[in-house]
Amino acid sequence: MSLFEEVPVSIGNDVPRRRVEISLNGERRAAEVEPRLLLAHLIRNGFRLTGTHTGCDTTNCGACTVLFDGAPVKSCTMFAVQADGHEVTTVEGLAQSEQLHPIQEGFKDEHGLQCGFCTPGMMLSAKALLDENPNPTEDEVRWALSGNLCRCTGYQNIVKAVLWAADKMRGPDADTGTAADETGAG
Amino acid sequence: MYPSRFQYEAPTSLSEAIALLSAHDDAKVLAGGQSLIPMMKLRFAAPAVIVDINNIPKLDQHGVHADGSYRIGALVRHAALEKSTTLGEHQPLLASAAPLVADPIVRTRGTFVGSVCHADPQGDWASCMVALDGSILAQGPNGRRTIGVDEFVAGPFQTVLAPNEIAIQAIIPKPVGTRAGGYLKLERRVGDFATAGAAVGLQMDGDTVVQAGIGLTGVGARTINASEAAAALVGNRLDPDVIGTAAGLAAGVAQPRSDHRGSADYKRHVIETFVSRILTDAARTPEKVA
Ligand SMILES: Cc1cc2nc3c(=O)[nH]c(=O)nc-3n(C[C@H](O)[C@H](O)[C@H](O)COP(=O)(O)OP(=O)(O)OC[C@H]3O[C@@H](n4cnc5c(N)ncnc54)[C@H](O)[C@@H]3O)c2cc1C
Ligand code: FES
Ligand code: FES
């Protein structure tokens, strides 16, 4: 059963639907949805962007994290209708054609993933952090990611990956004061 | 997991929202959705109509009102309070609690007022409201009324709001002294509800307490107002004897139950320690003299 105009299978005619228009990874997308459809399911089943994972479906794990107008939300805990007129970024929106986003490069370089299930959510929480605070301390990274659970890595390399990305995104010309300097002994 | 079917309404004004709530028998307000949507997915809640208030303008403001009270609108998210650069100078207790509510992603959506309306005995904001003698400004078809938080919360997950009333603001009264105090919460991990939590709101004149409130989280079937403990502070300096008395009284009114988070005795001990710690900290913080 599908609930979306882009997948032309209809639900019963007696079920009221609403039209939603979303800017999804910068592209305008529209769908006719039943109000109870969750944003995570619109993204995964409707728009076929399966990078957004649903791990717990009970608002606990953060695997379904997407950016909603730039801020991280659990897409399993929002109705798709609520996204009407808003901007949504999923993990598929991070890379620019062939060029990985620095956060993705960081996860690759620092081995920030094992099974990869939590990774999309981790990367989007990390993006929200770095957009707001380009030079975070290790503590600030841990804090920002504290709503995303990982069952594999023990978090150490995830934190390293985000600090790696922060460094890269600030660029070689950025001030020399690194996060480590600021939190270091003293 | 899917919620049951419902009719979705997204009004753009308060009057429209109230009319929708009045017109339908089984309608519910949707604010941050961080309690309501999980409950709908588990089918603990199955409202026929959802009135989403997220598109109503001006509800996302917080700050000092003309009458000196501090107002928090119905769409002020936990994250907005956590990231506010001005909250701390007016409301140190709220500023210390904001980062401890849920997890960073839930804080993007969840609201202060929605949390008070949810009336979870483990909710952090309700304890802060008790400690600050806060009230809720509600609007219904017959106008507005102000309800003190002790009366507002009728029981676990129950408030005195009529089905067609919307809580539009939380109000924290104008201070009579310099505000101090804070929130401490024991949680097993980020995003867990409190094993035990204590909110202490103080108003100081120099080093003397002129007004005090203490709210306790997660140690009873509802948020506990430790009013005797608070009364023991008023008129006194925060010396170790006074602190010990208040902390003991607060632990005495806690009614914790033993569960997977800890034994009742342990939780009572945590309350005593937390109240004592917050007060000791407040005693140490040098008064900002104007
Ligand atoms: C993983 C997780 C961890 C959490 N941890 C904590 C925690 O540690 N501490 C804590 O305090 N909370 C915690 N919460 C709950 C969270 O703070 C919720 O945001 C909050 O309880 C409800 O606020 P909301 O805006 O999301 O309300 P909603 O979920 O939208 O609504 C909750 C209830 O209040 C009613 N309501 C909401 N707003 C109004 C209004 N303006 N007028 C009338 N009725 C209204 C709704 O109809 C509904 O019945 C957690 C939630 C999750 C998912
Ligand atoms: S699937 Fe949404 S929080 Fe786990
Ligand atoms: S890499 Fe497996 S859950 Fe995080």
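The rules behind the values
- All residue numbers refer to positions counted from 1 along the written sequence of the respective chain.
- Note on labels: chains are lettered from A, ligands numbered from 1, in written order.
- The model is predicted, so local features are restricted to residues of pLDDT at least 70 and side-chain atom pairs to those at 80 or more, both for listing and for counting; the totals for chains, interfaces and linings are taken over all residues.
- Heavy atoms throughout the structure, all of them, feed into the side-chain values; hydrogens and water do not.
- An automatic or database domain assignment provides the domain bounds reported here.
- Residue contacts follow a heavy-atom distance rule, with two residues in contact if any of their heavy atoms lie within 4.5 Å.
- In short, buried area is how much 1.4 Å probe accessible area vanishes from two parts on joining, totalled over both.
- Any carboxyl oxygen of Asp or Glu within 4 Å of a side-chain nitrogen of Lys or Arg constitutes a salt bridge here.
- Counting from the N terminus, the helices are the DSSP runs of H or I reaching at least four residues and the strands are the DSSP runs of E reaching at least two.
- Whether two aromatic rings pair depends on their centres lying within 6.5 Å, for rings of Phe, Tyr and Trp, where Trp uses its six-membered ring; planes under 30 degrees apart make the pair stacked, over 60 edge-to-face, and the rest tilted.
- For the exposure calls, accessible area comes from a 1.4 Å probe over protein chains only, and a residue counts as buried if that area is under 20% of its type's maximum, exposed if over 50%, partly exposed in between.
- Only strands that DSSP links by at least two bridges are regarded as paired with each other.
- Axis angles are defined between N-to-C directions and span 0 to 180 degrees, where every axis is a line fitted to C-alpha atoms and, for a helix, only to the segment in contact.

Colleague: Could you give an account of the domain arrangement of chain A, with specific residues and numbers?
Modeller: Residue and element names in this part refer to chain A. The assigned domain composition of chain A is domain 1 (18-93) and domain 2 (102-171). The interface of domain 1 with domain 2 comprises 17 residues on the first partner and 13 residues on the second. Contact with domain 2 buries surface across domain 1, with His53, Leu67 and Val91 losing the most and accounting together for 41% of the total. Where domain 1 packs against domain 2, one counts zero salt bridges.

Colleague: I'd like a description of the environment of His78 of chain B, backed by residues and values.
Modeller: Within the secondary structure, His78 of chain B is located in helix α3 (residues 78-83). Dropping the residues within four chain positions of it, His78 of chain B is found in contact with Ala98, Val101, Val106, Arg107, Gly110, Thr111, Phe112, Ser115 and Trp125 of chain B.

Colleague: With reference to specific residues and values, describe the packing of aromatic side chains.
Modeller: Residue and element names in this part refer to chain B. Under the criterion given, the structure shown has two aromatic pairs over all chains. Judged by centre distance (4.7 Å) and plane angle (45°), the ring pair of Phe112 and Trp125 falls under tilted. Of this pair, Phe112 sits in helix α7 (residues 112-118) while Trp125 sits in helix α8 (residues 124-131), placing them 13 residues apart in sequence. Judged by relative accessible area, Phe112 falls into the buried class, the value being 0%. For Trp125, a relative accessible area of 0% corresponds to the buried category.

Colleague: Explain the sheet that holds strand β4 (residues 62-64) of chain B residue by residue, including any values.
Modeller: Residue and element names in this part refer to chain B. Spatial strand order, β4-β5-β10-β6-β7: five strands in an open sheet with antiparallel pairing. Each having just a single partner strand, β4 and β7 (143-148) make up the two edges of the open sheet. Between one strand axis and the next, the sheet turns by 25° as a mean value, whatever way the strands run. The strands touched by helix α1 (residues 14-23) are β6 (135-140) and β10 (166-172); relative to β10, the strand with the most contacts, the crossing angle is about 125°.

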